[in-house]
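Examining the three-dimensional arrangement
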Amino acid sequence: MRAVTGIQPSGQVHVGNWLGMIRPAIALQDRYETFTFVADWHALTSHPDPDVLRRGSREIAAIFLAFGLDPARGALFCQSDVPEVSELAWVLGTVVPTGFMDRGHAVKAARDGGRDPNAATWWYPLLMAADILLYGANVVPVGQDQKQHVEMARDMAIKMNVRFGDDLLVVPEVSIREGVGLVPGTDGRKMSKSYHNTVPVLDAPARVRKAVLSIKTDSTGVDEPKDPDACFVYQIYRLVARPDEVEEMARRLRGTGYGYGHAKLALVDALERDVAAPRERYEALLADPATLDDVLSAGATRARAAAAVTMERVRERVGLHPRRSGGRG
Ligand code: ADP
Ligand code: TRP
């Protein structure tokens, strides 16, 4: 069984990415063969600075490794190192009508915001479906906001199988870990780079602390009882602290003499406990780009081998000849 996921190298990875996708994806490696990639082609849709994009691939790889992804058990690679993914996206594009593509979140968000999206943004769900279907994903760990894209991939797999034979593509399931699909940011909306409301995950402790201290709270005073479920600090805390600690914070918030400031400091401590060792590993990995490149290169080789198997089957079923040159290399 396989688990496949990707993340764009576009900006600083935050606590929402970590809790919503990175941590659950790594946890799956005990039960699944994992394919984890840096979605650099997807990132191109938003015109990143080339230097930032170049650095971003290694940074994302380092984050997954620092949090415990085992590159011996699964493939860690860059999307653009597997050109088969764009071949499959092309074929998938032939089985869906344009109206289906118009419903994609990325293109809708751009149009709703009065922007004219580039054609690659419109194409985005096809590339993402190809990422998923190429490696035969059984499950796709993502946060809530990517659910629709995975459902589009499911629809495409089903359409392909109806047209070209039932066992052509594995129909994937979305995997959203209970309670972490939508981690709140410092203003209470979904934590997102786009909202500038993030708590960085592997940044210097002082910056993490500053972001946590800026989490919005209401004006209930220290000596008044508070509702934990309405408190964004608590909502994040319960995803990182131990169950007994979570219960303790809830109890204290409901009582008196415990303010939001206390809760914030408890959250800073709980985060630091989980990220201190990964931060050290992350920094060591970034200082050793050759090792990162070796991991990404081995991952790409493994991913291409899996991709070639799917592409040969797809080419054969749709009536394209077997590839005449290049082979699996
Ligand atoms: P952003 O919204 O900051 O641009 P991305 O879209 O790059 O984040 O998301 C990368 C991964 O992290 C996706 O799987 C996404 O669903 C997940 N994710 C992002 N923000 C959150 C959040 N606030 N809560 C849970 N998961 C999240
Ligand atoms: N679109 C995803 C995001 O922005 C990244 C992504 C690309 C992805 N291909 C994927 C996620 C395939 C899961 C599976 O977060």
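Everything here concerns the structure above.
Reference entry: report on the structure contained in this document. As the structure is a computational prediction, the values presented were derived from the model and not from experiment. (Residues numbered from 1 in each chain as written. Chains lettered and ligands numbered in written order. Predicted model: local features only at pLDDT ≥ 70, side-chain atom pairs only at ≥ 80, totals over all residues. Heavy atoms only, no water.)

**Focus on the pattern of salt bridges**
One pass over the structure, following the stated rule, counts 24 salt bridges. In this structure, R73 and D70 form a salt bridge, with 3.2 Å as the shortest nitrogen-oxygen distance. Accessibility expressed as a relative area gives 36% for R73, which makes it partly exposed. Since its relative accessible area comes to 25%, D70 is described here as partly exposed. One salt bridge connects E173 with R154, and the closest N-O pair in it is separated by 3.4 Å. Note that E173 is positioned in strand β5 (residues 173–175) and R154 in helix α8 (residues 147–164), a separation of 19 residues in sequence. Judged by its relative accessible area of 44%, E173 is partly exposed. We classify R154 as partly exposed; its relative accessible area is 26%. Each of R242, D244, E245 and R273 takes part in salt bridges that share partners, so that together they form one network. (Salt bridge = Lys/Arg side-chain N within 4 Å of Asp/Glu carboxyl O. Buried < 20%, exposed > 50% of the residue type's maximum accessible area, 1.4 Å probe, protein only. Helix = DSSP H or I, 4+ residues; strand = E, 2+ residues; numbered from the N terminus.)

**Thoughts on the nonpolar core**
Residues W18, I22, F64, F67, L267 and L271 are the most contacted members of the largest nonpolar core, which totals 57 residues. For this core, the elements supplying multiple residues, two or more each, are α1 (15–27), α3 (50–66), β3 (75–78), α9 (205–213), α10 (232–240), α11 (243–254), α12 (260–286) and α13 (289–318). Ranked by residue count, the leading element in this core is α12, at 10 residues. Counting 43 residues, the second-largest nonpolar core is a separate cluster that includes V96, M101, L126 and A137. (Core = buried A, V, L, I, M, F, W, Y, C linked by side-chain atoms within 4.5 Å.)

**Observations regarding the environment of A62**
Considering the arrangement of structural elements, one finds A62 in helix α3. Put simply, A62 and D167 are 105 residues apart on the chain and 36 Å apart in space, counted from C-alpha to C-alpha. With sequence-adjacent residues up to four places away left out, A62 is seen in contact with Y282, L285, L286 and L292. (Contact = heavy atoms within 4.5 Å.)

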